[in-house]
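A look at the structure
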Amino acid sequence: MKPSLAKGTRDFTAQEVSRRKYIINILQNNFELFGFQPLETPSFENLSTLTGKYGEEGDRLIFKILNSGDYTSEVNQEDWDNKNHQKLVSQISEKALRYDLTVPFARFVAMNHGKLTFPFKRSQIQPVWRADRPQKGRYREFYQCDADVVGSESLLQEVELVQLYLKSFADLKVPVTIHMNNRKILSGLAEYAGITDKLIDFTVALDKLDKIGKEGVVKELLEREISQESIDKLDFLFSQSDDALENLLQLKEKFAGNEIGLKGVEELEYVLTQSLSLGVDMQNLVFNITLARGLDYYTGAIFEVKADEVAMGSIGGGGRYDNLTEVFGVKNIPGIGISFGLDRIYLVMEELNLFPEEASSKIEYLFANSGGEETIEALKLIMQLRAKGISAELYPENAKINKQFTYAEKKGIKNMVFLGEEEIKNNTVTYKDLEAGEKKTVSLEEFLG
């Protein structure tokens, strides 16, 4: 059988692993600087934990796990004969792969809220799985890097998360723009257009604006039985000014008497003005009134981060979810969180050539093997280098020197070391810098630094 990868998955080479670690290390460092504590949750959850949290489209993308053994033994024969998909799923699958990190985190908080100190700040870097259609920058298995705060309604949390985004991407040297909106504004728009009962349909369609354009969104709204009259009232959404505060002022006028809409405007205005007062460049923040993020659990601020110089989907996103733990029987634990898309950040940095030399995994020294007793001395010296945190290896066979040089060049090893009788006798080491082509003999003491 010809080997192949499952669609939407990848192997990672040594260089790719090293570069991914470079990104992760910067994010972990910033998470710690901002006071977030690390957490890990299982790769799979009870299916009931995940379903109903991501909206209709999200639920379809959850990877279900078949029950162990004869998973058909408990199946209702009538459902099986009629191919009733909705009923069969719960009968043959009790578990599912994690779709994101937020819902498992909410489940953790609900199970442990009596032991946690609130506000509770957690960071989490783990893989998630989605049965999505694979394309550039979108995989079925990918890592999310999350930072969440639960137990606080303060809008200063939103302001701090904006700071976390901007500092992290500045450290990665990736120019970004943070798009912001508020689900209360979207609820206010639904009320303004007389489609409150169609809020989810409205936000799911609006969230696709970047992908399908205005015509596509209007078409989908009509398909979801939203009237042309309501769509006409919302037409101003597609022709917004570049001035965020001007757009908010326009909304205030349209939301006269619209309590939830005005509350959303007030919250967003606070986050924008406080961020600006902390020195954030307004060019880094955009009020995107069409930003919806099609997840049902958001209740307030929503964020989406886009790279300025690469045509790519969002490389980060998040928002406030004040009711998420309620579905697990625990009320009054508000939360907000953001996520960094590791895989897309990697693609952006690769395209912009932003990875530094130290982000590549390279061996410092390869010791040539001459087949004599010198190999034991070489291994002793290699042990001393490794004890100092310096990477080194011995070529395993007594092969022709040209073959050993070729091996070193292909692996990108920086230096070739020669430790013969003369060097051992004189306590010296001879090595060749393979990049510069220079050969040196130095004392053993100098070589070990």
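No experiment lies behind these values; they were computed from the predicted model shown.

Procedures and definitions
Residues numbered from 1 in each chain as written. Predicted model: local features only at pLDDT ≥ 70, side-chain atom pairs only at ≥ 80, totals over all residues. Heavy atoms only, no water. Helix = DSSP H or I, 4+ residues; strand = E, 2+ residues; numbered from the N terminus. Buried < 20%, exposed > 50% of the residue type's maximum accessible area, 1.4 Å probe, protein only. Contact = heavy atoms within 4.5 Å. Areas by Shrake-Rupley, 256 points an atom, 1.4 Å probe, with all protein chains shown as cover. Core = buried A, V, L, I, M, F, W, Y, C linked by side-chain atoms within 4.5 Å. Pairing = 2+ DSSP bridges. Axes fitted to C-alpha atoms, helices over the stretch in contact; angles between N-to-C directions. Parallel < 35°, antiparallel > 145°, perpendicular 65-115°, else oblique. Left-handed = near helix turned anticlockwise from the far one by under 90°. Nonpolar A, V, L, I, M, F, W, Y, C, P; charged D, E, K, R; others polar. Salt bridge = Lys/Arg side-chain N within 4 Å of Asp/Glu carboxyl O.

Some words on the overall build of the chain
In terms of regular secondary structure, the chain is built from 18 helices and 16 strands. Referenced to the eigenvectors of the C-alpha coordinate spread, the extents of the chain come out at roughly 90 × 65 × 50 Å. Looking at the chain residue by residue over its 449 residues, the buried ones come to 49%. Counted over contacts in the chain with a minimum sequence separation of 6, partners at least 24 positions apart contribute 69%. Total accessible area computed for the chain in this model is approximately 23200 Å², and 48% of it derives from carbon and sulfur atoms.

Comments concerning the nonpolar core
Counting 99 residues, the largest nonpolar core has L189 and F202 as the members making the most contacts within it. For this core, the element with the most residues is helix α7 (residues 156-171), which contributes seven residues. Those residues in contact with F202 that sit more than four places away from it in its chain are L186, L189, A190, I195, L221, I226, L234 and L237. Y365, L385, V417 and L419 belong to the second-largest nonpolar core, a separate cluster that totals 15 residues.

Considerations on the sheet that holds strand β14 (residues 415-418)
Spatially, β13-β12-β14-β15-β16 is the arrangement adopted by the five strands of the open sheet, whose pairing is mixed. Since the sheet does not close on itself, it has two edges, and those belong to β13 (392-394) and β16 (438-443), each with one partner. The sheet shows a mean angle of 25 degrees between the axes of neighbouring strands, taken without regard to direction. Sitting on the sheet, helix α15 (residues 374-387) touches β12 (365-367), β13 and β15 (428-433), and the angle it makes with β13 is about 165 degrees. Of the strands in this sheet, β12, β13, β14 and β15 touch helix α16 (residues 401-411), which is tilted by about 150 degrees from β14.

Observations concerning the environment of G264
Relative to the helices and strands, G264 is located in helix α13 (residues 259-277). Those residues within four positions of G264 in sequence are excluded, and the remaining contacts are N182, K184 and I185.

Brief notes about the packing of helix α12 (residues 244-254) against α13
The interhelical angle for the contact between α12 and α13, taken along N-to-C directions, is 160 degrees, at an axis separation of 10 Å. Accordingly, the angle class assigned to the pair α12 and α13 is roughly antiparallel. Considering how the two elements wind past one another, α12 and α13 form a crossing that is left-handed. In this structure, α12 uses A244, L248, L251 and K252 to contact α13, whose residues at the interface are L262, V265, L268, E269 and L272. When its residues are assigned to classes, the contact of α12 with α13 shows seven nonpolar, no polar and two charged.

Side note on unusual backbone geometry
Cis geometry marks the peptide bond from F118 to P119; its omega dihedral reads -5 degrees. Relative to the helices and strands, P119 resides in the loop between α6 (102-112) and β5 (120-129). Here N427, not a glycine, exhibits a phi torsion of approximately 55 degrees, which is positive. Examined against the element boundaries, N427 turns out to sit in the loop between α17 (421-426) and β15.

Here's the deal with the packing of helix α1 (residues 14-33) against helix α14 (residues 342-351)
Between α1 and α14, whose axes approach to 10 Å, the crossing angle comes to 110 degrees. When the axes of α1 and α14 are compared, the pair comes out roughly perpendicular. From α1, E16, R19, R20, Y22, I23 and I24 reach across to α14, where they touch L342, D343, I345, Y346, M349 and E350.

Looking at the pairing of β16
By the bridge criterion, six bridges tie β15 to β16 in an arrangement that is antiparallel. Among the inter-strand pairings, T428 is bridged to a residue of β16, identified as S443. Here β15 folds back onto β16 in antiparallel fashion, the turn holding four residues, of which G437 has a positive phi close to 80 degrees.

So, the pairing of β14
Side chains of β14 alternate between two faces, with N415 and V417 and M416 and F418 buried alike. Here β12 runs beside β14; their pairing, made up of three bridges, is parallel. Within β14, the position partnered with F367 by the bridge is V417. In this sheet, β15 lies alongside β14 in antiparallel orientation, the contact comprising four bridges. Paired with F418 across the bridge in β15 is T430.

Re the pattern of salt bridges
Taken as a whole and assessed by the stated rule, the structure comprises 24 salt bridges. Notably, a salt bridge pairs D171 with K167, separated by 2.9 Å at the nearest N-O pair. Here K167 and D171 lie together in helix α7, a separation of four residues that amounts to about one turn. Residue classification places D171 among the partly exposed positions, given a relative accessible area of 28%. Residue classification places K167 among the partly exposed positions, given a relative accessible area of 31%. Close ionic contact of K362 with E357 constitutes a salt bridge, the shortest N to O distance being 3.3 Å. Residues joined by salt bridges that share partners form a network here, namely E57, D201, K208, E220 and R224.

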